[in-house]
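Here is what each chain is made of, one letter per residue.
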Amino acid sequence: MAVFRWSEIPNQPIDPDHSAATGRVFRGQRIEVARLTLPAGSEVRPHADPHEQVHSILAGRAGYRVGGEERVVGPGDVVLIGPHATRAAQILEDLEVVVFKDCLAPAARDERLPRQAFYNWDRMSADFITPGYSSAHGPTLTGARIEVSQMLLPTATEGKPHRHPNEQIQVVLQGEARAMIGGKEEIVDTAGGVLFPPDVEHGAKIIRDYLVLNCKDIIPGWSVYHARWEQ
């Protein structure tokens, strides 16, 4: 069962050549997630990465620059950083951020780049993501390689057993659920999150209102809006 708890993952420097960030990283085969902190007064020095990232700000403030766009971001803001996009930041207040990143082969420089870097979960359109088998409702941000949703599933609802070829990682922001993967069950809550492997049947029963950041790698024809379920 790929349930993870942040407290069980070593806290360590993250990319010390470019920033003072420290945090904990959980890796799948195709995507990874990190929960990072950066101290006020520090900076992220300009650099680019051949992988795509999505930063969801949990606490604090920072002045981000991505390509030619600049913005001060805070809680509820989300930043899409495409492959090879140059980024930098000035940390204005102690920053806590969840970062999703693809682990695929490095992107070619001509891979499609996002047209916009800065978003806010509350100002994005929200809908029922997969109403055929789940109560999940919220906005979705789609990049070139990964897509991330902020999803709420109410108490006593469920995600019916289903499968898809995407790898999927959820980070729990609120609530509690009983996750089921390949016939096994485990409780997942705000202590961490859960990884759903590709093509393995999985589902969830919601114990308390369940708010998550949900990331999938992009496979043509299989977004967060697509799945296959039998029950």
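Now for a look at the structure at hand.

What counts and how
Residues numbered from 1 in each chain as written. Predicted model: local features only at pLDDT ≥ 70, side-chain atom pairs only at ≥ 80, totals over all residues. Heavy atoms only, no water. 1 Å grid on protein atoms, 1.4 Å probe; cavity = no way out; pocket = protein on both sides within 12 Å on 5 of 7 lines; lining within 4 Å. Points joined across faces, edges and corners; volume = space filled by probe spheres on them. Helix = DSSP H or I, 4+ residues; strand = E, 2+ residues; numbered from the N terminus. Nonpolar A, V, L, I, M, F, W, Y, C, P; charged D, E, K, R; others polar. Salt bridge = Lys/Arg side-chain N within 4 Å of Asp/Glu carboxyl O. Buried < 20%, exposed > 50% of the residue type's maximum accessible area, 1.4 Å probe, protein only. Contact = heavy atoms within 4.5 Å. Polar contact = N/O pair within 3.5 Å; in protein donor to acceptor, adjacent residues only side chain to side chain. Pairing = 2+ DSSP bridges. Axes fitted to C-alpha atoms, helices over the stretch in contact; angles between N-to-C directions.

**Thoughts on the layout of surface pockets**
Logical step 1: Taken as a whole, the largest pocket holds about 390 Å³ of empty space.
Logical step 2: Lining the largest pocket are 25 residues, with Ile 14, Asp 15, Leu 36, Gln 53 and Arg 87 sitting closest to its centre.
Logical step 3: Secondary structure elements with two or more residues in the lining of the largest pocket: strand E3 (22-27), strand E4 (31-38), strand E5 (43-47), strand E6 (53-59), strand E10 (87-91) and strand E11 (95-102).
Logical step 4: Here the lining of the largest pocket is built from residues that sort into 13 nonpolar, six polar and six charged.

**Comments concerning the pattern of salt bridges**
Logical step 1: By the definition in use, this model includes 11 salt bridges.
Logical step 2: Note that Arg 27 is salt-bridged to Glu 32, the shortest N-O span being 3.0 Å.
Logical step 3: Arg 27 sits in the exposed class, given a relative accessible area of 53%.

**Thoughts on the environment of Tyr 119**
Logical step 1: The topology assignment puts Tyr 119 in strand E12 (residues 118-120).
Logical step 2: Taking the C-alpha atoms as reference points, Tyr 119 and Val 78, 41 residues apart in sequence, are found 5.2 Å from one another.
Logical step 3: Once you skip the residues sitting within four places of it in the chain, Tyr 119 turns out to touch Asp 77, Val 78, Leu 80, Met 124 and Leu 141.
Logical step 4: Looking at Tyr 119, its side chain comes within polar contact range of the main-chain oxygen of Gln 116, at 3.3 Å.

**Topic: the sheet that holds E10**
Logical step 1: Pairing in this open sheet of four strands is antiparallel, and the strands run E5-E10-E7-E8 from one edge to the other. The sheet is open, and its two edges are formed by E5 and strand E8 (69-73), each paired on a single side. Adjacent strand axes in the sheet meet at a mean angle of 15° when their direction is disregarded.
Logical step 2: Pairing of strand E7 (residues 62-66) with E10, which is carried by five bridges, proceeds in the antiparallel orientation. Residue pairing across strands places Arg 65 opposite Ala 88, the latter belonging to E10.

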